[in-house]
Amino acid sequence: MAKGYVNVKSVNQSDIDNIDLTLDEIEALIGQTGNTGGTTSSGTVMAKLNKLLTDWTTTRASYINTINTNASNLNT
C-alpha cells in the first residue's frame, strides 16, 4: 500500500507507524481479487466473495441447462 507522510500538528512517527500497521491488518482481511479458498467461516473477504460467485455461477448454469433440456424436450 502506498503510504505518504503529511505534516499534522501533534502527530509523531509512532502514530503514523501504528496507523500503517492497522491499514496493513485491514488489507490482509480484505484480501486481493484473486484470493480463493474461502468458505462461509474462513478466508479473506475477497476469497469469500469469489467462493460465493463461483457457487452462484455453478448453480445458475445448472438451472440454465435444465431449462435448455426441458425446452428441447418440448420441441420433440
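Rules behind the numbers
Residues numbered from 1 in each chain as written. Predicted model: local features only at pLDDT ≥ 70, side-chain atom pairs only at ≥ 80, totals over all residues. Heavy atoms only, no water. Patch = residues over 30% accessible without salt bridge, like charges linked within 9 Å, V, L, I, M, F, W, Y side chains within 5 Å. Areas by Shrake-Rupley, 256 points an atom, 1.4 Å probe, with all protein chains shown as cover. Salt bridge = Lys/Arg side-chain N within 4 Å of Asp/Glu carboxyl O. Helix = DSSP H or I, 4+ residues; strand = E, 2+ residues; numbered from the N terminus. Buried < 20%, exposed > 50% of the residue type's maximum accessible area, 1.4 Å probe, protein only.

Visitor: Explain a nonpolar patch on the surface here, please?
Guide: A contiguous nonpolar surface patch, about 590 Å² in accessible area, is contributed by Ile-19, Leu-23, Ile-26, Ile-30, Val-45, Leu-49 and Leu-52. Breaking the nonpolar patch down by element, the ones donating at least two residues are α1 (13–30) and α2 (45–75). A total of four residues in the nonpolar patch trace back to one element, the largest contributor, which is α1. Position of Ile-30 among the secondary structure elements: in helix α1. Given the relative accessible area of 40%, Ile-30 is considered partly exposed.

Visitor: Would you take a moment to explain the pattern of salt bridges for this structure?
Guide: Two side chains that carry opposite charge are able to pair once their charged atoms sit near each other. In this structure the tally under the stated criterion is one salt bridge. For Asp-55, the salt bridge identified is with Lys-51, shortest N-O distance 3.1 Å. With Asp-55 and Lys-51 both in helix α2, this residue pair falls four residues apart, about one helical turn. Judged by relative accessible area, which is 35%, Asp-55 ranks as partly exposed.

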